[in-house]
There are 2 protein chains.
Amino acid sequence: MKGVLLFGHGSRDPAWRQPIEAVAARIAARPGAPVVRCAYLELCEPDFDSACAELVGLGVTELRVLPMFLGMGRHAREDLPALVHALQERCPQLSIAVLPPVGEHPSALDLFADIAAL
Amino acid sequence: MKGVLLFGHGSRDPAWRQPIEAVAARIAARPGAPVVRCAYLELCEPDFDSACAELVGLGVTELRVLPMFLGMGRHAREDLPALVHALQERCPQLSIAVLPPVGEHPSALDLFADIAAL
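Below is a short write-up of the structure. (Residues numbered from 1 in each chain as written. Chains lettered and ligands numbered in written order. Predicted model: local features only at pLDDT ≥ 70, side-chain atom pairs only at ≥ 80, totals over all residues. Heavy atoms only, no water.)

### A word on the sheet that holds strand S1 (residues 2–8) of chain B
All names here are of chain B. Judged by pairing direction, the sheet is parallel, and its four strands sit side by side in the order S2-S1-S3-S4 without closing on themselves. Across the chains shown, the open sheet's two edge strands, defined by having one partner strand only, are strand S2 (35–40) and strand S4 (95–98). Each strand axis lies, on average, 20 degrees off the axis of its neighbour in the sheet, ignoring direction. Examined bridge by bridge, S1 and strand S3 (residues 62–68) share seven bridges and lie parallel to one another. Note on S3: the bridge partner recorded for Phe7 is Pro67. Contacting S1, S2 and S3, helix H1 (residues 14–28) crosses the sheet at an angle of about 165 degrees to S2. Strand contacts of helix H3 (residues 74–90): S1, S3 and S4, with the helix running at about 175 degrees to S4, the strand carrying the most contacts. (Pairing = 2+ DSSP bridges. Helix = DSSP H or I, 4+ residues; strand = E, 2+ residues; numbered from the N terminus. Axes fitted to C-alpha atoms, helices over the stretch in contact; angles between N-to-C directions. Contact = heavy atoms within 4.5 Å.)

### Section: the interface of chain A and chain B
Across the contact, 38 residues belong to chain A and 38 residues belong to chain B. Summed over both partners, the interface of chain A with chain B comes to about 3,200 Å²; 67% of that surface belongs to carbon and sulfur atoms. Between Asp114 of chain A and Arg30 of chain B there is a salt bridge whose closest N-O contact spans 2.8 Å. Where chain A touches chain B, the interface holds eight residue pairs in polar contact (both at pLDDT 80 or more). Only helix H1 (14–28), strand S3 (62–68), helix H3 (74–90) and helix H4 (106–117) of chain A provide two or more residues apiece to the side of chain A that touches chain B. A total of twelve residues in the side of chain A that touches chain B trace back to one element, the largest contributor, which is H4 of chain A. For the side of chain A that touches chain B, the per-class residue count stands at 24 nonpolar, five polar and nine charged. (Buried area = accessible area lost by both parts, 1.4 Å probe. Salt bridge = Lys/Arg side-chain N within 4 Å of Asp/Glu carboxyl O. Polar contact = N/O pair within 3.5 Å; in protein donor to acceptor, adjacent residues only side chain to side chain. Nonpolar A, V, L, I, M, F, W, Y, C, P; charged D, E, K, R; others polar.)

### Description of unusual backbone geometry
Residues and elements named next belong to chain A. The step from Glu45 to Pro46 runs through a cis peptide bond, and the omega angle for that step is 0 degrees. Here Pro46 shows up in the loop between strand S2 (35–40) and helix H2 (48–57). Look at Leu43: it is not a glycine, yet its phi comes out positive at around 75 degrees.

### Some points on the packing of aromatic side chains
A full pass over the atoms with the stated rule returns six aromatic pairs over all chains. Aromatic pair Phe7 of chain B and Phe69 of chain B: ring centres 6.2 Å apart, planes at 50 degrees, arrangement tilted. Pair noted here: Phe7 of chain B is in strand S1 and Phe69 of chain B is in the loop between S3 and H3, with a separation of 62 residues, a long-range link. Across the pair, Phe69 of chain B and Phe7 of chain B agree in class, each one buried. Linked through ring pairs, Phe7, Phe48 and Phe69 of chain A together constitute an aromatic cluster. (Phe/Tyr/Trp six-rings, centres within 6.5 Å; stacked < 30°, edge-to-face > 60°. Buried < 20%, exposed > 50% of the residue type's maximum accessible area, 1.4 Å probe, protein only.)

What follows is the structure, given as structure tokens:
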């Protein structure tokens, strides 16, 4: 079973999480959607370990992690790989793919330039 | 003259800024492009005031500010409006429009969902 984890920085402000939760809702609404959960590095719940444990408990065997960061700073380059490494050790059978941060996708760069020019 | 300011959080890590600078480059490469600059709230230069002073010095009279944040947390909801308010007081003739954060655009939510499903 396929699963997607949207992993963001987190904020004390619930409004900050709305776009990430909206992306999760869009994924979940599609036909044949994977199981999808959100998780946060800090300042709000759930954390990476809890969300992954839930996904694995639901039967996920192939996990894709999408870093909801604009750029590859320390959080995406150091904190997330450490969490993924520990997850892989706990769940050696789980297939884990970590995608580049959403903000680094060429399509996102084009879209942001479009938005600025609107 | 039209100007665009891409306003992000900032990071000590130069790699973090690359996507924002790449969006600026995409905007600048388009025919009839506005003058475009990046600015950061903290941890790296230039700051909002310096970048806006440069844009105004170049002759910008209509400024569009695009918050390079995924969501509307405290930085986009409190810090940025305070900076914009002070700018407007310094430059009463300057027309300033602040767009919603890039991550809240419906097109961005759709794109991020697409990326997760690729």
